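# Per-entry structural report
This is what each chain is made of:
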Amino acid sequence: KFSTTHRGYTCDVCSKKMGLYQEMWGCRSCNYDLCRNCYNNKNSGGYGSNKKGSTSKLESLFKKSYADKEDKEIMSESGMLKFFKDCGVNPESYETLVIAFMLNCEEMGIYEKAEFTKGFAEQGCS
């Protein structure tokens, strides 16, 4: 959480331009910022849509395409690379951190099946 020091900040979710001394939440390492409204919406379970996705479809997708062969409850390294490729995300970019943030992942570098299915379902994905 921080206060803007100039008028050049923009929310990376809703594209709202922020004024001087506005409250925002962000990551300086990956240059990703949220306005108060988007941060509060993120913590309450969604960005503007109450439509929920299908957890059963997401679980099936996880199991079929991304699950680790030995531990079916987590995404394997090759599964994670496939997931990012399927989404058009560079695995070395900040976007991977944004996805982990949106899914409320507890551990950096690990996507659990429950986080994947619940996180994407809450965002309206199926």
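What counts, and at which threshold
- Residues numbered from 1 in each chain as written.
- Predicted model: local features only at pLDDT ≥ 70, side-chain atom pairs only at ≥ 80, totals over all residues.
- Heavy atoms only, no water.
- Helix = DSSP H or I, 4+ residues; strand = E, 2+ residues; numbered from the N terminus.
- Buried < 20%, exposed > 50% of the residue type's maximum accessible area, 1.4 Å probe, protein only.
- Contact = heavy atoms within 4.5 Å.
- Areas by Shrake-Rupley, 256 points an atom, 1.4 Å probe, with all protein chains shown as cover.
- Core = buried A, V, L, I, M, F, W, Y, C linked by side-chain atoms within 4.5 Å.
- Pairing = 2+ DSSP bridges.
- Salt bridge = Lys/Arg side-chain N within 4 Å of Asp/Glu carboxyl O.

## Some words on the overall build of the protein chain
Helices and strands together make up the secondary structure of the protein chain, namely five helices and three strands. Starting at the N terminus and ending at the C terminus, the protein chain contains elements arranged as β-β-β-α-α-α-α-α. Taking all 126 residues of the protein chain together, 37% fall into the buried category. For the protein chain, the share of sequence-separated contacts (at least 6 apart) that also reach a separation of at least 24 residues comes to 40%. Put simply, the protein chain shows about 8,100 Å² of open surface, and 47% of that area lies on carbon and sulfur atoms.

## Overview of the nonpolar core
One finds M75, F83, F84, I99, Y111, F116 and F120 to be the most contacted residues of the largest nonpolar core, which totals 17 residues. Those elements that place two or more of their residues in this core are helix 2 (55–66), helix 3 (77–87), helix 4 (95–102) and helix 5 (113–122). F83 has contacts with Y66, M75, I99, Y111, F116 and F120, leaving out every residue within four places of it along the chain. In this structure, Y9, C11, C38 and V98 belong to the second largest nonpolar core, which totals 11 residues.

## Some thoughts on the sheet that holds strand 1 (residues 2–3)
Spatially, three strands are ordered 1-2-3 in an open sheet, and the strand pairing comes out antiparallel. Both edges of this open sheet fall to strand 1 and strand 3 (32–35), since each of them pairs with a single strand only. Note: strand 2 (residues 23–27) against strand 3, four bridges, orientation antiparallel. Across the sheet, the residue bridging to C27 is Y32, located in strand 3.

## Focus: the pattern of salt bridges
Applying the stated criterion across every chain, the model contains five salt bridges. Put simply, E23 and R36 hold a salt bridge, and the shortest N to O gap is 2.4 Å. Of the two residues, E23 sits in strand 2 while R36 sits in helix 1 (residues 36–43), which places them 13 residues apart along the sequence. A residue is classified by how much of its surface remains accessible, and R36, at 45% relative accessible area, is partly exposed. E73 is paired through a salt bridge with K113; the nearest N and O atoms lie 3.4 Å apart. Of this pair, E73 sits in the loop between helix 2 and helix 3 while K113 sits in helix 5, and the two are 40 residues apart along the sequence. Judged by relative accessible area, E73 falls into the partly exposed class, the value being 43%. Within this structure, K1, E23 and R36 form a network of salt bridges that share partners.

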